[in-house]
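# Geometric and topological summary
Given next are the chains, with one letter for each unit.
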Amino acid sequence: MDSHVLAKGARWLIDRQFKLASVLVDYRHHGQVFPIHVLVGGGGAESLVDGDVSIDFKRRDFLILASALAFEPETGDRILYNGVTHEVLSLGSGGCWRWSDDYHILRRVHTKEI
């Protein structure tokens, strides 16, 4: 099957998801605020252990259209969602975001609640 057809279908599906389920958040990057629509991804509890110290935090992913930001998300950026601030964090060697689809339409950005 032609990859162009598949990419077009993926784009249509993502557009429908955003039309039906996206929420408006404030994305903060280098002191600037960008109001953008995102899909709220999964979350959960995480723990970081360093020697005898354990830090527990809530993690949440946000799905952001690549076209919504003129820059790549960076560790330390912040997302204000539903009155709660989430800080972009790197997950090991995988970085702070990854592509969520094969056509580079959506970025999955990893955050922790602060």
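Procedures and definitions
Residues numbered from 1 in each chain as written. Predicted model: local features only at pLDDT ≥ 70, side-chain atom pairs only at ≥ 80, totals over all residues. Heavy atoms only, no water. Helix = DSSP H or I, 4+ residues; strand = E, 2+ residues; numbered from the N terminus. Buried < 20%, exposed > 50% of the residue type's maximum accessible area, 1.4 Å probe, protein only. Lys, Arg positive; Asp, Glu negative; His and termini not counted. Salt bridge = Lys/Arg side-chain N within 4 Å of Asp/Glu carboxyl O. Polar contact = N/O pair within 3.5 Å; in protein donor to acceptor, adjacent residues only side chain to side chain. Contact = heavy atoms within 4.5 Å. pLDDT = per-residue confidence, 0-100. Core = buried A, V, L, I, M, F, W, Y, C linked by side-chain atoms within 4.5 Å. Phe/Tyr/Trp six-rings, centres within 6.5 Å; stacked < 30°, edge-to-face > 60°. Lys NZ or Arg CZ within 6 Å of the ring centre and 35° of its normal.

### Structural notes on the side chain of D101
Take D101: it is sitting in the loop between strand 6 (97-99) and strand 7 (106-113). R11 is the oppositely charged side chain nearest to the buried, salt-bridge-free D101, at an N-O distance of 8.0 Å. A distance of 3.0 Å separates a polar side-chain atom of D101 from the backbone nitrogen of I105. At 2.7 Å, the side chain of D101 and the backbone nitrogen of L106 are in polar contact. If we ignore the near neighbours within four places in the chain, the residues touching D101 are I14 and L106.

### Some words on the confidence of the model for the chain
Looking at the chain as a whole, the pLDDT averages 90, with 97% of positions reaching at least 70. Averaged pLDDT values for the elements of the chain fall to 85 in strand 2 (residues 32-50) and rise to 98 in strand 4 (residues 78-81).

### A word on the nonpolar core
If you look at soluble globular proteins, the nonpolar side chains tend to sit buried side by side. One finds Y27, I36, V38, I64, L69 and I79 to be the most contacted residues of the largest nonpolar core, which totals 13 residues. Contact partners of I64, with chain neighbours within four places excluded, come to Y27, I36, V38, L69, I79, I105, L106, R107 and V109. Ranked by size, the runner-up nonpolar core spans eight residues in total, among them A10, F18, L39 and L65.

### Focus: the pattern of salt bridges
A full pass over the atoms with the stated rule returns five salt bridges. In this structure, K112 engages E87 in a salt bridge whose closest nitrogen and oxygen atoms are separated by 3.8 Å. Here the residue K112 occupies a position in strand 7, and E87 occupies one in strand 5 (residues 84-88), the gap between them amounting to 25 residues. In this structure K112 comes out as partly exposed when scored by relative accessible area, which is 26%. Overall, E87 belongs to the buried group, its relative accessible area being 18%. One continuous salt-bridge network, built from bridges that share partners, spans R59, D61 and R108.

### Points about the packing of aromatic side chains
Per the counting criterion, the structure on display carries four aromatic pairs. Plain terms: the ring middles of F62 and Y81 are 5.7 Å apart, the flat faces sit at 75° to each other, and that makes the pair edge-to-face. With a gap of 19 residues between them, F62 in strand 3 (residues 53-65) and Y81 in strand 4 connect regions that are remote in the sequence. Look at W97 and W99: their rings are 4.9 Å apart centre to centre, the planes differ by 90°, and that puts the pair in the edge-to-face class. W97 sits in the buried class, given a relative accessible area of 14%. Here the aromatic residues Y27, F34 and F71 are joined through ring pairs into a cluster of three or more. Over the ring of W97 we find R107; its NZ or CZ atom is 4.6 Å from the centre of that ring.

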